[in-house]
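Listed here are the chains, written in short residue letters.
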Amino acid sequence: MAKVVFWSPFKDAVGCSHVAVAVSSIMGITHKSTCLLMHSNFDTKKLESCFTLYNDLNTGDVLVDSSLGIGSVIRLLKSNKLTPDAIQNYAKPVLKGRLDILYGMEASQGEDSEVLKNLPYIIKKSDEIYDVVFIDLTKTANEEYVQEVLADADIVVTVINQDYIKIEEYFTKYANLELLKNKNKLLVIGNYENKSKYNTSNIKFKYRYKDSIYAVPHNYSFSDACNDGNVLDFLYRNINADSKDYNGYFISQTSQIVEKIVEIAKIKE
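(A) Summary view of the overall build of the protein. For the protein, the count of helices and strands is 11 helices and eight strands. Against the compact-globule benchmark of 18 Å for 269 residues, the protein has a radius of gyration of 18 Å, which places it among compact chains. Overall size of the protein, expressed as C-alpha extent along the three principal axes, is 55 × 40 × 35 Å. Buried residues in the protein amount to 56% of all 269 residues. The long-range share in the protein, meaning contacts at least 24 apart out of those at least 6 apart in sequence, stands at 78%. Averaged over its 31 positive side-chain charges, the protein has a centre that lies 6 Å from the centre of its 35 negative ones.

Here it is, written out as structure tokens:
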């Protein structure tokens, strides 16, 4: 069992959710582990619309369906009826037996504080039934619930962009946070451009960073798939593509993160 948190200390970071979607989906396709993908963002369909067309989510009122999502889970929690099985029952399968997604909460269902104050406990209960729980965490470093989720994580995947100011700030302010001192940490560059001056090799050299720096390359086809609700179709079509191919490069780089998570979590199949 492993709780994997995708997080950035920067509110304006781009691509963190797409990293979570890509990694969790590739894990579901290439491994037999049971996985749950969830998020802490209130009144948004960003993750959900990667797997279901946005207009279909709106038309069908899927996010206010009493049989789906974190809102229903919170109602059970309040009545002291929440079990790990119940969380699985309220999640939507996107890869049967491999990957479920726990929908977020609409504004009409309650306050964002309901999600935030209950999130750490819901993650813990989810961890009892899933092999891997992926959490797309709110991008900030100061909120109490964010710190609580990070503190309880088994693996923290920190996502930053190829922005010199943000890279500098990360290594001078956030790389050695006491909160994450003894955590399994993966540093990921989102929307990565290998030809940039600020590629992973140059970053490692400049900051004398000894661990690996991972990359999820910018890929317009994947971005389009996220917008069109067919991420899984895109990945299945390209999962065996040559790493020199445009889409194959995206998948091969992202798969390195998947395999590192499998290694750290000691997932056996």
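(B) Focus on the sheet that holds strand S2 (residues 35–39). If you trace the eight strands from one edge of the open sheet to the other, you get S3-S4-S2-S5-S1-S6-S7-S8, paired in mixed fashion. Two strands close off the open sheet at either side, each with one partner strand: strand S3 (92–95) and strand S8 (213–217). The mean angle between the axes of side-by-side strands here comes to 25 degrees, regardless of whether they run parallel or antiparallel. Relative to strand S4 (residues 99–101), S2 runs parallel, the two being bridged by three bridges. Directly across from Cys35, in S4, lies its bridge partner Leu99. In this fold helix H6 (residues 144–152) packs onto strand S1 (2–7) and strand S6 (155–160), with an angle of close to 135 degrees to the strand it touches most, S1.

(C) Geometry of the confidence of the model for the protein. On average, residues of the protein score 90 in pLDDT, and 90% of them reach the 70 mark or higher. Averaged pLDDT values over the elements of the protein bottom out at 66 in helix H2 (residues 54–59) and peak at 98 in S8.

(D) Spatial organisation of the packing of aromatic side chains. As enumerated under the stated definition, the model contains 10 aromatic pairs in all. Ring centres of Tyr170 and Phe171 lie 5.1 Å apart, and the angle between their planes is 80 degrees; on these two criteria the pair is classed as edge-to-face. Across the pair, Phe171 and Tyr170 agree in class, each one buried. Judged by centre distance (6.2 Å) and plane angle (65 degrees), the rings of Phe234 and Phe250 are edge-to-face. With Phe234 in helix H10 (residues 231–238) and Phe250 in helix H11 (residues 246–265), this pair connects stretches of sequence that are 16 residues apart. Phe250 shares its class with Phe234; the two are buried. Members of the aromatic cluster, each reached through a chain of ring pairs, are Tyr170, Phe171, Tyr207 and Tyr209. Sitting above the plane of the Phe10 ring, Lys166 keeps its charged end 5.6 Å from the centroid.

(E) Spatial organisation of the side chain of Gln162. Tracing the chain through its elements places Gln162 in the loop between S6 and helix H7 (164–174). In terms of polar contacts, Gln162 uses its side chain to reach the backbone carbonyl oxygen of Tyr198, at 2.9 Å. Residues contacting Gln162, with those up to four places away along its chain left out, are Ile167, Ile189, Asn191, Tyr192, Glu193, Ser196, Tyr198 and Asn199.

(F) Geometry of the nonpolar core. Within the largest apolar cluster, 48 residues are counted, with the highest numbers of intra-cluster contacts made by Trp7, Met38, Ile122, Leu137 and Phe171. Among the nonpolar cores identified, the runner-up in size contains 45 residues, and Val19, Phe51, Leu99 and Tyr103 belong to it.

Quick notes on the rules
- Residues numbered from 1 in each chain as written.
- Predicted model: local features only at pLDDT ≥ 70, side-chain atom pairs only at ≥ 80, totals over all residues.
- Heavy atoms only, no water.
- Helix = DSSP H or I, 4+ residues; strand = E, 2+ residues; numbered from the N terminus.
- Rg over C-alpha atoms; globule rule 2.2 N^0.38 Å.
- Buried < 20%, exposed > 50% of the residue type's maximum accessible area, 1.4 Å probe, protein only.
- Contact = heavy atoms within 4.5 Å.
- Lys, Arg positive; Asp, Glu negative; His and termini not counted.
- Charge placed at Lys NZ, Arg CZ, Asp CG, Glu CD.
- Pairing = 2+ DSSP bridges.
- Axes fitted to C-alpha atoms, helices over the stretch in contact; angles between N-to-C directions.
- pLDDT = per-residue confidence, 0-100.
- Phe/Tyr/Trp six-rings, centres within 6.5 Å; stacked < 30°, edge-to-face > 60°.
- Lys NZ or Arg CZ within 6 Å of the ring centre and 35° of its normal.
- Polar contact = N/O pair within 3.5 Å; in protein donor to acceptor, adjacent residues only side chain to side chain.
- Core = buried A, V, L, I, M, F, W, Y, C linked by side-chain atoms within 4.5 Å.

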